[in-house]
Amino acid sequence: MTNGAGRLLPLRSTLVGRGRPPRVVPTRSPGHKTSVTPVEKADVLLEALPYIRRFAGKLLVIKYGGHAMEDDELKDSFAQDVALLKYVGMNPVVVHGGGPQIDTALQKAGIEPRFVRGLRVTDAATMDIVEMVLVGKINQEIVALLNRHGGNAVGLSGKDGELVVARKLRSGDLGQVGEVAGVNARVIDALAGFIPVIAPVAADPDGVTYNINADVVAGKVAEALRAEKLILLTDVEGVKSRDGALIDTLPADVAADMIRDGTIAGGMIPKVECCLEAIRGGVRQAHVIDGRVRHAVLLEVLTSRGVGTEILPRTARRTRSRAVGA
């Protein structure tokens, strides 16, 4: 049985507690090869076929951050995943963060990073460094890595073509911390054939530059593009139930209830809220996945098990009655 997202439900639980833990792909030495028969290799490819068919031509917005941006092996596997998705006919769009790298650059400049409610206090000097690191360094490194793996990527910030229009964050005065006022989807449309890689820096109509949370930018870009999927890479397995079990598939209304009753707490709240807002804005599926797993993006998009939590707009009962390609 399958759901409307193309997820094969006998292998993934809905709601809480019945999912298997994600399979962490072990690091192997270059000379070691796992013994796999040709038939087993064919089975792996065939498992991906319905998902390739289901998502061919669809837009997938992927927020890239956390440990997956720091570990060389994970960086390579991420770039390979995104390049492969492009080659099989999907249209990935990458939005990246860079908090640890910004902290390092600030400390080298003698500026102590400060945070309020998890948001970086961004004065003019901090903003200069944030933009330098995100746009001038990290963005270009990701583009080069994707291109090395055949991805045909192009780097952007929110400023390019007014892709993202910013405004000052209305809750609290954190300096040049912004929120998304609008997204110009025509910029992405004009880059058909390329993989856009977006740094979460944007300007307001007066030209003032703002630092915006990368999850928020990814969610708003996904809404504007009417993306099939929003995928957030994190440093945790996914959303968990009160007893600590990984939740594989989560209806949006249940996710909202879990925030209200405190089951979803801490740093997971803004990520799930980002997913819920994107779904309300027209995104069909949102995923919070474990970026510490090699090839996490491929495993989530092209296999029945996945490596995190899939958030869907429909109730579990309706979801279970739908077929692949519906």
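Now for a look at the structure at hand. Just so it is clear, the model here is predicted, and its values are computed rather than measured.

### A closer look at the nonpolar core
Here is step 1: The biggest cluster of nonpolar side chains holds 44 residues, and the ones touching the most others in it are V61, I198, L230, V239, V272 and I311.
Here is step 2: Mapped by element, the contributors of at least two residues to this core are β2 (91–96), β6 (164–168), α5 (185–189), α6 (214–225), β11 (229–234), α7 (252–260), α8 (268–280) and β13 (285–290).
Here is step 3: The biggest single contributor to this core is α8, with seven residues.
Here is step 4: With residues near it in sequence (within four places) discarded, I198 still touches V93, V94, V95, H96, N139, L156, L163, I188 and V221.
Here is step 5: If you look at the next biggest cluster of nonpolar residues, it comprises 43 residues, including F55, I62, V197 and L299.

### Section: the packing of aromatic side chains
The way to describe two aromatic rings as a pair is by their centre distance and the angle between their planes.
Here is step 1: With the rule as written, the count across this model stands at one aromatic pair.
Here is step 2: Between Y64 and F78, the aromatic rings sit 3.8 Å apart at their centres with planes inclined by 0°, giving stacked as the arrangement. In this pair, Y64 sits in strand β1 (residues 59–64) while F78 sits in helix α2 (residues 72–87), placing the two residues 14 residues apart along the sequence. A single burial state applies to Y64 and to F78, both of which are buried.

### Focus: the pairing of β11
Here is step 1: Burial analysis of β11 places six of its six residues in the buried class, which makes it a mostly covered element.
Here is step 2: Bridge count for β11 against β13 is six bridges, and the pairing is parallel. For T234, the partnering residue across the bridge sits in β13 and is D290.

### A short note on the state of the cysteines
Here is step 1: A full pass over the atoms with the stated rule returns zero disulfides.
Here is step 2: Considering cysteine sulfurs only, C274 is the nearest to C275, which forms no disulfide, with 5.6 Å between them.
Here is step 3: Its relative accessible area of 0% is what places C275 among the buried residues.

### Quick word on the pattern of salt bridges
Here is step 1: Taken as a whole and judged by the stated rule, the model has 19 salt bridges.
Here is step 2: When the shortest N-O distance is used, the salt bridge between R120 and D103 registers 2.8 Å. Within this pair, whereas R120 is found in strand β4 (residues 119–120), its partner D103 is found in helix α3 (residues 99–108), the two being separated by 17 residues in sequence.
Here is step 3: Several salt bridges converge on common partners, so that one network encompasses R54, E228 and R284.

### Considering the side chain of T249
Here is step 1: Looking at where T249 falls in the secondary structure, it is placed in strand β12 (residues 249–251).
Here is step 2: Side-chain polar atoms of T249 contact the side chain of E310, separated by 3.5 Å.

Rules and cut-offs
Residues numbered from 1 in each chain as written. Predicted model: local features only at pLDDT ≥ 70, side-chain atom pairs only at ≥ 80, totals over all residues. Heavy atoms only, no water. Core = buried A, V, L, I, M, F, W, Y, C linked by side-chain atoms within 4.5 Å. Buried < 20%, exposed > 50% of the residue type's maximum accessible area, 1.4 Å probe, protein only. Helix = DSSP H or I, 4+ residues; strand = E, 2+ residues; numbered from the N terminus. Contact = heavy atoms within 4.5 Å. Phe/Tyr/Trp six-rings, centres within 6.5 Å; stacked < 30°, edge-to-face > 60°. Pairing = 2+ DSSP bridges. Disulfide = S-S within 2.5 Å. Salt bridge = Lys/Arg side-chain N within 4 Å of Asp/Glu carboxyl O. Polar contact = N/O pair within 3.5 Å; in protein donor to acceptor, adjacent residues only side chain to side chain.

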